[in-house]
Amino acid sequence: MVKICCIGAGYVGGPTMAVIAIKCPAIEVVVVDISKPRIDAWNSDTLPIYEPGLDDVVKACRGKNLFFSTDVEKHVAEADIIFVSVNTPTKTRGLGAGKAADLTYWESAARMIADVSKSDKIVVEKSTVPVKTAEAIEKILTHNSKGINYQILSNPEFLAEGTAIEDLFKPDRVLIGGRETPGGQKAVQALKEVYAHWVPEANIITTNLWSAELSKLAANAFLAQRISSVNAMSALCEATGANVSEVSYAIGKDSRIGPKFLNASVGFGGSCFQKDILNLVYICECNGLPEVANYWKQVIKINDYQKSRFVNRVVSSMFNTVSGKKIAVLGFAFKKDTGDTRETPAIDVCKGLVGDKAQVSIYDPQVTEEQIQRDLAMNKVSVVWDAYEACKGAHGVCILTEWDEFKKLDYQKIFDNMQKPAFVFDGRNVVDAEKLREMGFIVYSIGKPL
Ligand code: NAD
Ligand code: UGA
C-alpha cells in the first residue's frame, strides 16, 4: 500500500489531498503542517478554508484514509510519496526582493525530509516554484542522503479557489515532470498511477522537470495577461462608448481566442497571479532577457492601473471628493466563493478611498472583520454583517466581489436608504445597470457607457 504525506495544509494541500483520499480509498494520505491551529481546524467541524464541496469530501474520508497532523517528521519518515505544498511568497528582503520567490519554507521542508528519511522517497513539488528549483532540492536531499534514493517530480497544481473541488475532480490536465532517467520515469509512473484512479490517461501529461515547472508560471502569466488585456480594453471602452461585455463576447466567439476569462473587473487579485508573474520577470532578468521581463511586467502594471483608475473614478464622479462621505463596499474576497483576501483588489480600493477621507463600511459574506482589519491595518473602516446595513445612509456603493447574492439584493430598498444622488460603482459588472438607473441610481460599470 502506497503512503502519501503532504507537507503544507493550506488552500492547495488540504483540498488536493482530500480528493486523492476520496478517489483512492486504498491509499493512506496524511496532511501535515507546522501550524497547530490550522491542523486543529482541519480536524474540526469548521475547516480552515471556505471552499464549496470541501466539507463533504473531508467528512467522507477523514479518520479513514485521510489524516491531518502536526507530527511532521513521523509522517514524512513513513511516506513513499511526499508532496510539498508549502507557501512560496515573494521575497521581501535581500537579493531579488519584491520579485523572486522566497523558497525558505521549501528549503526547510527539504532539509527536514533529508534528516528524517530512512527509506527511498518520491518528493513532489506541488507548490509553484521557479524553473530549476528541482535541481536545488535534489542537491539538498542528495548531499544528506545516507544512501537513500530520492526522485524529485514537478506536479504543479492548477486549481482555482472557489472551484477547487470541481477542478480537482475533473482537471483539464494533470502535469507531471520528472528526470529522463529510468529512476525518474519510474517515479513519474508511480505518481501517474495515483491520478489514474480518476483522471483519464489522455489528461495526464508527462514532461521533463523544467517544462513542468515553467508551464505553471506560464499558465498563470497567460491567464493574468488575458484579464489585463480585457481590462486595458475596458478603459478604451469607457473613453469611446464601446461596451466591454460586447467586445469580450465578440472576440471570445473566435475559437482561437475562446470565451473564458475575459471578464473585465476592478483588477485581478489572489495569492498567485502577481507573485508568479513577478517570479517569471525575475527569472527572465536573471537569464539576460530584459525584453521578455518587461513584456510580462506590463500585465501587473495594467492591473495596478485598473485598481487606481477605479478609485479615481469613484472620487471624480462624486464631485471630486469623498471626504466624510459614507461609501459601502460590497465584497472583500478576491473572488466569489472564497474567504481568501490575499492580494484582493478590495485592499487597494479601500485604502484609496480612506486616503481620500471616506468613511468606508464593508460587507463580505465570508471574510471576518478580524481579517479585514488586519488587511487594512492603520486604515479606519467599519465592517458589518449585512449588505443593507453597509449601504444605509451611504453616498455610494462599490461592488468589489462578484458574490451571487449581490445580484439578488433589493436595490430599491438600498436606494431608499441612501443619500442622494445615490451612486453605484460596479467593479464586477454584476448588477443590471439599466434597471438600477430606472430606480434613480447613477451607475458606473467597468468598460460600459454611462
Ligand atoms: P497556504 O499559505 O495556504 O499553505 C501553506 C501551508 O504550508 C501553511 O499552512 C504553512 O503553515 C505550511 N508550511 C510552511 N512551511 C512548512 C514546513 N516547513 N512544514 C510544514 N508546513 C509548512 O498556501 P497555498 O495557497 O496552499 O499555496 C501553496 C503553494 O501552492 C504555493 O506555492 C502557491 O503558489 C501554490 N498554488 C496555490 C494555489 C491557490 O489557489 N492558493 C493554486 C495553485 C498553486
Ligand atoms: C488562479 C488560476 O486560475 C489557477 O489555475 C491557478 O492554479 C491559481 O491561480 C494559482 O496558481 O494560485 P485563483 O487565483 O484561485 O486561480 O482564481 P481565478 O479564478 O484565476 O481568479 C483570479 C483573479 O482574477 C480574481 O481576482 C478574479 O476575480 C479575477 N478574474 C478572473 C477577472 O478579473 N476576470 C476574469 O475573467 C477572470
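Thresholds applied
Residue positions within a chain follow its written sequence, with the count starting from 1. Lettering for chains starts from A, numbering for ligands starts from 1, and both go in the order in which the items are written. With pLDDT at 70 or above as the cut-off, local features in this predicted model cover only qualifying residues; side-chain atom pairs require 80 or more to be listed or tallied, and sums for whole chains, interfaces and linings still use all residues. To get the side-chain values, take all heavy atoms of the structure and skip hydrogens and water. UniProt positions are given in the numbering used here, feature names are shortened, and annotations may be inferred rather than shown by experiment. Helix numbers and strand numbers start at the N terminus; a helix is a DSSP run of H or I with at least 4 residues, a strand a run of E with at least 2. Between the two quantities, the radius of gyration covers C-alpha atoms and the globule rule is 2.2 Å times the number of residues to the power 0.38. Three labels apply to residues, based on accessible area from a 1.4 Å probe with only protein chains included: buried if under 20% of the type maximum, exposed if over 50%, partly exposed otherwise in between. Contacts: residue pairs with any heavy atoms within 4.5 Å of one another. Areas reported here follow the Shrake-Rupley algorithm with a probe of radius 1.4 Å; residue values treat only the protein chains shown as occluding. Here a residue counts as near a molecule or strand whenever at least one of its heavy atoms sits within 4 Å of it. Each polar contact in these results corresponds to two N or O atoms within 3.5 Å; when the atoms are within protein, one needs to be able to donate a hydrogen and the other to accept it, and residues that are neighboring in sequence are counted only if both atoms are side-chain atoms. In this count, Pro and Cys sit with the nonpolar residues alongside Ala, Val, Leu, Ile, Met, Phe, Trp and Tyr, while Asp, Glu, Lys and Arg are called charged and the others, Gly among them, polar. We call two strands paired when DSSP finds no fewer than two bridges between them. Axis geometry follows a simple rule: fit a line to the C-alpha atoms, using only the stretch in contact for helices, then measure angles between N-to-C directions, giving values from 0 to 180 degrees. Joining through side-chain atoms within 4.5 Å is the link that ties buried Ala, Val, Leu, Ile, Met, Phe, Trp, Tyr and Cys residues into a set, and such a set is a nonpolar core. Classification of ring pairs rests on two measures: the distance between centres of Phe, Tyr or Trp rings, Trp counted by its six-membered ring, which must be within 6.5 Å, and the angle between planes, read as stacked under 30 degrees, edge-to-face over 60 and tilted in between. In this analysis the charged atom, NZ for Lys or CZ for Arg, is taken to sit over a ring once it is within 6 Å of the ring centre and within 35 degrees of the ring normal.

In the nomenclature of an unreviewed UniProt entry, the protein chain is known as UDP-glucose 6-dehydrogenase of Triticum turgidum subsp. durum. Here the protein chain is described in UniProt, under the heading Catalytic activity (unreviewed entry), as follows: "UDP-alpha-D-glucose + 2 NAD(+) + H2O = UDP-alpha-D-glucuronate + 2 NADH + 3 H(+)". Per UniProt, the protein chain has the following entry under Function (unreviewed entry): "Involved in the biosynthesis of UDP-glucuronic acid (UDP-GlcA), providing nucleotide sugars for cell-wall polymers."

1. Notes on the overall build of the protein chain
Scanning the protein chain from terminus to terminus reveals 17 helices and 14 strands. Taking 450 residues into account, the globule formula puts the C-alpha radius of gyration at 22 Å, and the protein chain, at 24 Å, falls close to it. By principal-axis analysis of the C-alpha atoms, the protein chain measures approximately 75 × 50 × 45 Å. A buried classification covers 53% of the 450 residues belonging to the protein chain. Residue pairs at least 24 apart in sequence account for 74% of intrachain contacts in the protein chain once pairs closer than 6 positions are excluded. Total accessible area on the protein chain is roughly 20,100 Å²; 53% of this is exposed by carbon and sulfur atoms.

2. With respect to the site of ligand 2
Around ligand 2 sit 20 residues in total, of which Phe158, Leu159, Ser265, Cys272 and Arg428 are the nearest. In the environment of ligand 2, an oxygen atom lies 2.7 Å from a nitrogen or oxygen atom belonging to the backbone of Phe158. In the environment of ligand 2, an oxygen atom lies 2.8 Å from a nitrogen or oxygen atom belonging to the side chain of Lys216. Burial of ligand 2 by the surrounding chains reaches 90%, relative to a free accessible area of 710 Å². The element that contributes the greatest number of residues to the shell around ligand 2 is helix α9 (residues 209-240), accounting for four residues. When its residues are assigned to classes, the shell around ligand 2 shows 11 nonpolar, four polar and five charged.

3. Topic: the sheet that holds strand β11 (residues 381-383)
Ordered by their spatial adjacency, six strands build an open sheet running β11-β10-β9-β12-β13-β14, and the pairing between neighbours is parallel. Of all the strands in the sheet, just β11 and β14 (442-445) have a single pairing partner and so form its edges. Taking each pair of neighbouring strands and ignoring which way they run, the sheet shows an average axis angle of 20 degrees. The sheet contact formed by strand β9 (residues 326-330) and strand β12 (residues 396-399) spans four bridges and is parallel. Its bridge partner being in β12, Ala328 is matched across the sheet by Val397. Relative to the sheet, helix α12 (residues 290-317) contacts β12, β13 (423-426) and β14, its axis offset from that of β13 by approximately 170 degrees.

4. Details of the side chain of Arg313
Within the secondary structure, Arg313 sits in helix α12. Among the polar contacts listed, one links the side chain of Arg313 to the backbone oxygen of Ser445, at a separation of 2.7 Å. Contact partners of Arg313, with chain neighbours within four places excluded, come to Glu238, Phe425, Tyr444, Ser445, Ile446, Lys448 and Leu450.

5. With respect to the nonpolar core
Taken as a class, soluble globular proteins show a tendency for nonpolar side chains to be buried jointly. Counting residues in each nonpolar core, the largest one holds 60 residues, and the members touching the most others are Leu330 and Phe441. For this core, the leading source of residues is helix α13 (residues 345-355), giving six residues. Apart from residues lying up to four places away in sequence, Leu330 is in contact with Tyr363, Ala387, Ala390, Cys391, Val397, Cys398, Ile399, Leu400, Thr401, Phe406 and Leu409. Ranked by size, the runner-up nonpolar core spans 42 residues in total, among them Ile27, Leu54, Val57 and Leu159.

6. Quick word on the packing of aromatic side chains
As enumerated under the stated definition, the model contains 12 aromatic pairs in all. Taking the centre distance of 6.4 Å and the plane angle of 80 degrees together, the rings of Tyr411 and Phe441 count as edge-to-face. Here Tyr411 is found in helix α16 (residues 411-416), whereas its partner Phe441 is found in the loop between α17 (433-439) and β14, with 30 residues between them in sequence. Across this residue pair, the class does not change: Tyr411 and Phe441 are buried. Through pairs of rings, three or more aromatic residues link up here, namely Phe319, Phe423, Phe425 and Tyr444. Here the basic side chain of Arg173 rests over the ring of Phe158, its NZ or CZ set 3.6 Å away from the ring centre.

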